[in-house]
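Results of the structural survey
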Amino acid sequence: MKKRVIIDTDPGLDDAVAILFALASGLFDVVGLTTVAGNIGLERTTKNAAGLLAVAGRADIPVFSGAEKALLRDNIDAIVVHGDDGLRGITLPPALAPSRSGAVAWLAETLRTEPSGSIDILALGPLTNIAQLINQYPDAADRIGHLIAMGGTVLEPGNAGPSSEFNFASDPEAVALVLHSGIRTTLVPLDVTRRVRLDTDYVEALRGTSVGDTTADLLFAYLQDDRRSRPLHDPCVMLLAAAPELFGVDFMRLSVNLGDDVDAGALIRRETGSPVNVAMRVDVPAVLKLLASGFR
Ligand code: BDR
Ligand code: CA
């Protein structure tokens, strides 16, 4: 049976690949996309999300824009990785349908309407929208089946600060709200995503369909700057949702650094932390095979 999911996202090249896999693989029933400021500003992440749906010809899936700003902090961005359009110049077709605002209210309405626990949220950006849902509509947030979020790091060095990862550094207070919420949550940190890398032969082999061709273009753009490989962060969320048996998940108690220092958003293991599942190991060849199979 297909997994019913809402994708909360800030595309972003790796978000884009994750979304196209979700749309093309036939493994997911994508109920909607909600967007958040992260890699780049909200207007652009929303435009990119709608363009990705157009690549897959999915006018039936709605896009709702959400938080323009982190809960309490100034935004950071990742333009240096994703370019000043979020997709390093890869142009997508125009949106098939207009995007709407009000992601958080739409999330609440959808979760209240559908059977409790039937929708999972795949979170690929800063957790601001999810935190606002928890704050404003706690009854609806309680109806999330499983929240799988790319973010944080446990043993690996950070990519925003010495021990902090970009999504969690973008909105540490949102991470704290999610960890305290009691929502069934699995984190997919850098410890796993840094293992999942691809090379140019792999990317070339994805071509052959319009979605596969666009995915290859996006991945070549992601591999620019002479990098032979880059971590496929956000697609790991989809891969874990589709095939949890390919990951090793540990139970941990975590809190988050809410300070104003270079490591804001870093995860801290401590006994008083919130209980959460964290993916720490991955069968790399198997997940790369699964990812490629989604574009055939
Ligand atoms: C995360 O940060 C963003 O740049 C990526 O899209 C991914 O969600 C990796 O740290
Ligand atoms: Ca992202």
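Just so we're clear, the structure is a prediction, and the values are computed from it rather than from any experiment. (Residues numbered from 1 in each chain as written. Chains lettered and ligands numbered in written order. Predicted model: local features only at pLDDT ≥ 70, side-chain atom pairs only at ≥ 80, totals over all residues. Heavy atoms only, no water.)

What follows concerns the overall build of the protein chain. Of regular secondary structure, the protein chain possesses 13 helices and ten strands. A compact globule built from 296 residues would reach a C-alpha radius of gyration of about 19 Å, and the protein chain, at 17 Å, matches this within 12%. When the backbone C-alpha atoms are referred to their principal axes, the protein chain occupies close to 50 × 40 × 35 Å. Relative to its full complement of 296 residues, the protein chain shows a buried share of 60%. (Helix = DSSP H or I, 4+ residues; strand = E, 2+ residues; numbered from the N terminus. Rg over C-alpha atoms; globule rule 2.2 N^0.38 Å. Buried < 20%, exposed > 50% of the residue type's maximum accessible area, 1.4 Å probe, protein only.)

At a minimum axis separation of 7 Å, helix H1 (residues 13–24) and helix H12 (residues 235–242) run at an interaxial angle of 30°. With respect to their mutual orientation, H1 and H12 come out roughly parallel. Residue-level contacts link Asp14, Val17, Ala18, Phe21 and Ala22 of H1 to Pro235, Met238 and Leu239 of H12. For the contact of H1 with H12, the per-class residue count stands at seven nonpolar, no polar and one charged. (Axes fitted to C-alpha atoms, helices over the stretch in contact; angles between N-to-C directions. Parallel < 35°, antiparallel > 145°, perpendicular 65-115°, else oblique. Contact = heavy atoms within 4.5 Å. Nonpolar A, V, L, I, M, F, W, Y, C, P; charged D, E, K, R; others polar.)

Okay, the site of ligand 1 next. Around ligand 1 lies a shell formed by Asp14, Asp15, Asn39, His82, Leu124, Met150, Asn159, Glu165, Phe166, Asn167, His233 and Asp234. Taking Asp14, its side chain carries an N or O atom lying 2.6 Å from an oxygen atom of ligand 1. One of the side-chain nitrogen or oxygen atoms of Asp15 is found 2.9 Å away from an oxygen atom of ligand 1. Against a free-state accessible area of 280 Å², the protein chains account for coverage of 96% of ligand 1. Looking at the shell around ligand 1, the elements that each hand over two or more residues are H1 and helix H7 (166–170). (Near = heavy atom within 4 Å. Polar contact = N/O pair within 3.5 Å; in protein donor to acceptor, adjacent residues only side chain to side chain. Areas by Shrake-Rupley, 256 points an atom, 1.4 Å probe, with all protein chains shown as cover.)

A ring pair, where both rings are aromatic, is described by two values, the distance of the centres and the angle of the planes. This model, assessed by the stated rule, comprises three aromatic pairs. Where Phe21 meets Phe28, the ring centres are 6.5 Å apart and the plane angle is 70°; that geometry is what we call edge-to-face. Arranged with centres 4.7 Å apart and planes meeting at 15°, the rings of Phe64 and Trp106 form a pair that is stacked. A residue pair is termed long-range when its members are at least 10 positions apart, and Phe64 in strand S3 (residues 63–65) and Trp106 in helix H4 (residues 103–113) qualify at 42 residues. For Trp106, a relative accessible area of 12% puts it in the buried group. Linked through ring pairs, Phe21, Phe28 and Phe295 together constitute an aromatic cluster. Here Arg230 stacks its cationic end above the ring of Tyr222, 5.3 Å away from the centre of that ring. (Phe/Tyr/Trp six-rings, centres within 6.5 Å; stacked < 30°, edge-to-face > 60°. Lys NZ or Arg CZ within 6 Å of the ring centre and 35° of its normal.)

This part is about the pairing of strand S6 (residues 144–150). Along any regular strand the residues' side chains alternate between the sheet's two faces. The element S6 is extensively covered by neighbouring structure, given that seven of its seven residues are classed as buried. Pairing analysis gives four bridges linking S6 to strand S7 (residues 185–188), with the strands arranged parallel. In the sheet register, Ala149 faces S7, and the bridge partner there is Leu187. (Pairing = 2+ DSSP bridges.)

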